[in-house]
Amino acid sequence: MKVRDILRLKGGTLYTITPEDSLADAARIMSENDIGSLVVMAHERVVGILTFREVIDAAVKNGGKFDGLSVYRSMDPGPLICTLETELDEVRRMMLGRHARYLPVIDNRQLMGVISFYDVAKTVVDSQNLENKLLKAYIRDWPQDQAPSEAQG
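The model shown is predicted, which means the values in this text are computed figures rather than measured ones. (Residues numbered from 1 in each chain as written. Predicted model: local features only at pLDDT ≥ 70, side-chain atom pairs only at ≥ 80, totals over all residues. Heavy atoms only, no water.)

A. Looking closely at the packing of aromatic side chains. Throughout the structure, instances matching the rule amount to one aromatic pair. Taken together, a centroid distance of 6.4 Å and an interplanar angle of 90 degrees make the contact between Phe52 and Tyr102 edge-to-face. Within this pair, whereas Phe52 is found in helix α3 (residues 52-61), its partner Tyr102 is found in strand β4 (residues 102-107), the two being separated by 50 residues in sequence. For Phe52, a relative accessible area of 34% corresponds to the partly exposed category. (Phe/Tyr/Trp six-rings, centres within 6.5 Å; stacked < 30°, edge-to-face > 60°. Helix = DSSP H or I, 4+ residues; strand = E, 2+ residues; numbered from the N terminus. Buried < 20%, exposed > 50% of the residue type's maximum accessible area, 1.4 Å probe, protein only.)

B. Region of interest: the nonpolar core. Counting residues in hydrophobic clusters, the biggest one holds 16 residues, and the most contacted among them are Val3, Cys82, Val91, Leu103, Val105, Ile115 and Val120. Residue assignment for this core shows that the elements contributing at least two residues are α1 (3-10), α5 (88-98), β4 and α6 (117-140). Looking at which element gives the most residues to this core, the answer is α5, with four residues. Excluding residues that lie within four positions of it along the chain, Val3 makes contacts with Cys82, Thr83, Leu84, Thr86, Val91, Val105 and Ile115. The next biggest cluster of nonpolar side chains, apart from the first, holds 14 residues, and it includes Leu23, Ala58, Val71 and Met75. (Core = buried A, V, L, I, M, F, W, Y, C linked by side-chain atoms within 4.5 Å. Contact = heavy atoms within 4.5 Å.)

C. Layout of the pairing of strand β5 (residues 110-116). With respect to burial, β5 is a largely interior element, five of its seven residues being buried. Two strands pair when backbone bridges link them, and β4 and β5 are joined in this way by six bridges, in the antiparallel orientation. Among the inter-strand pairings, Leu103 is bridged to a residue of β5, identified as Ile115. Hairpin connection, β4 to β5: the antiparallel pair is bridged by two residues, and Asn108 has positive phi, about 50 degrees. (Pairing = 2+ DSSP bridges.)

D. Summary view of the sheet that holds strand β1 (residues 16-17). Spatially, three strands are ordered β1-β2-β3 in an open sheet, and the strand pairing comes out mixed. At either margin of the open sheet sits one strand with a lone partner, and together these are β1 and β3 (45-51). Relative to strand β2 (residues 37-42), β1 runs parallel, the two being bridged by two bridges. Paired with Ile17 across the strands is Val40, a residue of β2.

E. Main features of the pattern of salt bridges. With the rule as written, the count across this model stands at nine salt bridges. With a shortest N-O distance of 2.9 Å, Asp5 and Arg8 are connected by a salt bridge. Of this pair, Asp5 and Arg8 are both found in helix α1, three residues apart, which corresponds to roughly one turn of the helix. With a relative accessible area of 19%, Asp5 lands in the buried category. Among the ionic pairs, Arg93 bridges to Glu90, the shortest N-O distance being 3.3 Å. In this pair, Arg93 and Glu90 are both assigned in helix α5, three residues apart and thus about one turn of the helix distant. (Salt bridge = Lys/Arg side-chain N within 4 Å of Asp/Glu carboxyl O.)

F. Highlighting unusual backbone geometry. One non-glycine residue, His99, lies in the positive phi region at around 55 degrees. One can find His99 in the loop between α5 and β4. With a relative accessible area of 60%, His99 lands in the exposed category. The backbone of Asn108 sits at a positive phi, close to 50 degrees, despite the residue not being glycine. The topology assignment puts Asn108 in the loop between β4 and β5. By relative accessible area, Asn108 is classed as exposed at 73%.

See the structure below:
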């Protein structure tokens, strides 16, 4: 399975923000849309990612306030990215290796979507459930062995 398959199932809603926007605006957008990340875009290019982790960290360092904080000062400027053709197993390794919960998906320098750790976990569980269901159906329909023939004398 590839990232393309995850995005097809997930849908194409994208939430972005610019580096110049305030952290308060970013937090509001994330809260209103029940999302954990915003891709930071400048000149139609991905320049970073802002997750709830960076928002909380910046607010705590600023005495619990968003006053004067910009997305630029709080974002991760070097997020892991993947492509539509990245295999699911590779995405899992990338996310686990860097403790990343969100990966922007880029195709020909264009943002195609974001996949989350939740999306990956859900895809794995759904795939295992389907495999389990198919195996159970196969076993249930297994041809019964014929009774052994009586010993020939």
